[in-house]
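# Report on the structure
Here's the letter readout for the chains.
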Amino acid sequence: MLKTVVAIFVFNILEDDLGIISLGQCYDQELLEKGELRKACSRRGNAVQPSRRLNSTSRLIELRQLMRSEVRLQTLPIDAYIITSSDEHQSVEVDEYERRREFISGFSGSYGDAIITMNKAALWTDGRYHLQADEQIDCNWLLMREGHRNIPTRYQWLKTEFPKGARVGVYPKLISEYMWNKFKQELADSKIELVALNVSLIDEIWPAKDRGQMRNKDAFVLDIKYTGKNYSIKLEELRRQIMKAGAEAMVVTSLDEIAWLLNIRGRDIPFSPFVRSYLIVDKSNIFMYVNSDQLVKNDVLRYLHAESSFRHSDTVQIRDYTSIWTDLRTKSQLYKKILVPSHCVYSEGASHAIYEHIFPNRRLPRQSPIIYLKAVKNPVEIEGMRRAHIKDAAALCDFFSYIDKQMSTGRIFSEAEMADILDQFRYEQNQSLGNSFRTIVGFGPNSAQPRYIPTKNTNSSIFENGTLVIESGGQYYEGTTDVTRTLHFGTPDDVMVEAYTRVLIGHMTFASLTFPNNMRMGHVDVLARRPLWEVGLDYLHETGHGVGAFLGVKESPIAVQYDLELSSRQTFKPGYFLTNEPGYYKEGYFGVRLQNVLEVVEKPWLQHTSGHRYLGFKVISFVPYQMKLIKLSLLSSQQRRWLNNYNEEIRQQVGAELKRQNKMEGFYWMMENTKYIPENGFSRATSSTTLLLVCSLIVKTVVLI
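Presented here is a report on the structure given in the accompanying data block. (Residues numbered from 1 in each chain as written. Predicted model: local features only at pLDDT ≥ 70, side-chain atom pairs only at ≥ 80, totals over all residues. Heavy atoms only, no water.)

## Observations concerning the environment of S368
Position of S368 relative to the elements: it lies in the loop between β14 (363-367) and α16 (369-375). Judged by relative accessible area, which is 1%, S368 ranks as buried. With 18 residues separating them along the chain, S368 and A350 place their C-alpha atoms 9.6 Å apart. Of the polar contacts made by the side chain of S368, one reaches the side chain of E257; its length is 2.6 Å. (Helix = DSSP H or I, 4+ residues; strand = E, 2+ residues; numbered from the N terminus. Buried < 20%, exposed > 50% of the residue type's maximum accessible area, 1.4 Å probe, protein only. Polar contact = N/O pair within 3.5 Å; in protein donor to acceptor, adjacent residues only side chain to side chain.)

Laid out in structure tokens, this is it:
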């Protein structure tokens with residue numbers, strides 16, 4: 001009977017859809033590779049455009065006029081212009097004032113680069129944002145979906161567009177030296193010239209009335225009870241690393257590194273507690289380039305000894321923010337070698353402009369030693385991260401209790417409304433400074449977009465007929481959090497349950513691993529993906545990234561992705577914190593993602609035969625999974641035991657915190673959702689639902705083959 005049902009199901013799919021797609025699949029693949037496979041951008045007819053789209057026509061016209069103006073460019077005309085998503089510090093998340101790529105394209109994701117020629121505009125982004133970008137950029141744009149096969153790189157596309165050569169412009173403060181060199185290397189066998197412009201073309205066409213003001217918030221000192229180490233000690237550690245590298249000084253350009261090194265925080269970047277600044281550090285001096293008005297309140301100047309009559313090695317000498325450009329020219333003559341940050345996973349390193357302001361024979365390109373110093377948390381930071389996640393879990397349990405109660409009375413929430421309510425629950429926690437990123441709440445088809453953010457035009461109501469993916473995180477004095485749960489308020493169908501369970505199995509297997517300390521980060525990724533790979537499924541984003549301690553929610557050098565070269569070179573160290581976030585997304589139907597933060601811990605009672613130490617992971621996120629979405633027959637006894645142990649820890653750790661805060665409704669909700677499950681049973685690798693899951697995805701899979 002089962003075989004008959006499955007056969008009929010497959011036949012219906014083949015008859016209704018697969019035949020049509022087979023006829024057009026080569027054509028679709030060709031469009032995909034060209035970036036022309038776009039929603040509502042058919043060359044026939046006038047399709048209704050998605051409500052999120054920006055009409056970029058007039059902005060592109062204005063930009064192209066600038067590209068031909070020798071007067072405005074102060075050089076010969078250019079044939080193409082590169083727009084990155086970065087600010088001067090190559091930040092992952094940037095101030096609204098710095099979102100140049102979003103202004104020209106309409107795409108608001110944190111990752112992606114645009115190239116505009118005189119007759120084309122193309123956007124490259126990764127699998128987290130494919131659906132979002134297709135919704136937001138209009139039909140003037142090509143969409144290059146990184147992660148799919150045969151998608152041209154930026155360099156390949158330029159060489160195809162300009163076989164006879166061209167001048168390609170870019171603003172050097174907004175492109176890293178790493179990316180600049182990649183372009184130079186890849187274009188070396190062509191007649192394409194990369195041109196550093198003296199002006200940012202987007203700044204020239206972006207009206208001030210529409211742009212707003214650059215943030216200049218007051219900075220503050222983070223107490224040693226949270227940092228565990230005085231900035232003077234950190235400075236000495238850094239200076240030793242600079243000397244070890246063979247340099248006499250270092251320029252620090254990354255905002256999270258400056259915040260960590262000096263133990264100061266600010267609000268110049270959304271969701272990240274950073275102060276816009278630069279540093280130059282040598283063996284006896286430290287110069288900070290910053291808007292000094294931001295350091296007046298909260299005794300920051302006094303803390304940094306900036307007003308001291310006597311200068312010591314930890315006296316921070318304050319300079320105007322823009323003086324970095326003149327000082328680099330003069331100070332670089334004082335040193336034989338200056339360490340200039342290079343690329344490291346998510347850290348792009350210094351801009352091309354920074355490199356160009358240092359004499360070539362004085363430059364020493366190296367990964368910033370601060371990346372590795374701050375990635376290994378000290379005991380105070382470790383304890384703080386654990387406390388922050390307990391408080392965060394209490395806020396989430398209280399939030400879920402409130403939502404469940406309200407929905408049981410018939411109340412209907414929108415995605416944006418639910419995001420606002422969650423933000424408020426989190427902000428009520430002690431020592432909370434708000435979110436660590438913009439809260440993601442995606443229901444139904446929107447949950448299939450990994451980084452979906454509800455907008456006025458896409459804000460969906462949440463009902464009982466689809467999955468709801470909620471990813472959120474907080475910034476606390478003690479640490480930074482990031483957690484994702486997938487929920488269903490009705491009765492999930494079998495395909496949703498199967499997908500959720502497979503994601504959960506990968507999630508648990510990753511967290512359970514014991515491994516030698518010489519294992520490469522990328523290797524662990526296969527454990528999270530294996531349950532999906534077994535049925536021909538996958539997801540187009542990393543499985544894990546580093547997390548800072550009241551710093552950035554995405555921190556180098558930790559990246560868990562099996563096909564990422566840098567991930568295959570890095571190893572784990574005790575004191576690292578990282579996310580564990582497998583997922584699955586079926587476009588137009590539903591999405592699933594589960595995410596916890598893990599701490600890398602040593603297992604000293606184990607000894608590798610070759611002398612290597614053994615490490616493992618400690619889960620520090622404690623939010624219940626939704627039992628109705630778990631298919632127990634797919635779980636082994638070991639996996640059920642892991643789930644019971646995890647739920648027991650939630651009851652102990654989060655239960656005590658909820659009681660302490662007198663959040664009893666949240667406490668009872670937590671207890672109800674962490675009940676014991678039978679550990680004895682059998683696991684079936686394949687089921688009728690597995691076959692249905694695979695069959696339901698045949699259409700999508702064929703398109704991508």
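## Structural notes on the state of the cysteines
Applying the stated rule across the entire model yields one disulfide. In this model, C41 is linked to C139 through a disulfide, with the two sulfur atoms separated by 2.0 Å. For the disulfide bridge between C41 and C139, the dihedral angle about the S-S bond is near -90 degrees, and by the sign convention the bridge is left-handed. Of this pair, C41 sits in the loop between α1 (2-34) and α2 (57-67) while C139 sits in the loop between α5 (130-136) and β4 (141-145); the two residues are 98 residues apart in sequence, bridging distant segments of the chain. (Disulfide = S-S within 2.5 Å.)

## Notes on the packing of helix α19 (residues 494-511) against helix α21 (residues 637-660)
Where α19 meets α21, the closest approach of the two axes is 11 Å, and the angle between their N-to-C directions is 80 degrees. Accordingly, the angle class assigned to the pair α19 and α21 is roughly perpendicular. Where α19 approaches α21, its residues I505, M508, T509 and A511 are matched on the opposing element by Q639, W642 and L643. Its residues assigned to classes, the contact of α19 with α21 comprises five nonpolar, two polar and no charged. (Axes fitted to C-alpha atoms, helices over the stretch in contact; angles between N-to-C directions. Parallel < 35°, antiparallel > 145°, perpendicular 65-115°, else oblique. Contact = heavy atoms within 4.5 Å. Nonpolar A, V, L, I, M, F, W, Y, C, P; charged D, E, K, R; others polar.)

## Some details on the sheet that holds strand β13 (residues 338-342)
With respect to topology, six strands assemble into an open sheet ordered β12-β11-β10-β8-β13-β14, the strand pairing being mixed. The sheet terminates laterally at β12 (316-319) and β14, the two strands that pair on one side only. Strand-to-strand twist of the sheet, defined as the mean angle between neighbouring strand axes without regard to direction, takes the value 25 degrees. Across four bridges, the pairing between strand β8 (residues 249-252) and strand β10 (residues 277-282) is antiparallel. (Pairing = 2+ DSSP bridges.)

## Quick look at the pairing of strand β24 (residues 583-586)
Covered by surrounding structure in β24 are G583 and Y585 together with Y584 and K586, the residues of both alternating faces. In this structure, β24 lies alongside strand β25 (residues 590-593), joined through four bridges in antiparallel fashion. Paired with K586 across the bridge in β25 is F590. In sequence, β24 turns back onto β25 through a hairpin of three residues, with G588 there showing a positive phi of about 80 degrees.

## A look at the packing of aromatic side chains
All told, the structure shown has 26 aromatic pairs when counted by the stated rule. With a centroid separation of 6.2 Å and 85 degrees between ring planes, the pair formed by F220 and Y477 is classed as edge-to-face. Taken together, the positions of F220 in strand β7 (residues 220-221) and Y477 in the loop between β18 (474-476) and β19 (483-488) put the pair 257 residues apart, joining distant regions of the chain. Centre to centre, the rings of F510 and F617 are 5.4 Å apart; their planes meet at 45 degrees, and the pair counts as tilted. Of this pair, F510 sits in helix α19 while F617 sits in strand β27 (residues 613-619), and the two are 107 residues apart along the sequence. Taken as a pair, F510 and F617 share a single burial class, namely buried. The rings of F399, F400, Y402, F425 and W669 are connected pair by pair, giving a single aromatic cluster. (Phe/Tyr/Trp six-rings, centres within 6.5 Å; stacked < 30°, edge-to-face > 60°.)

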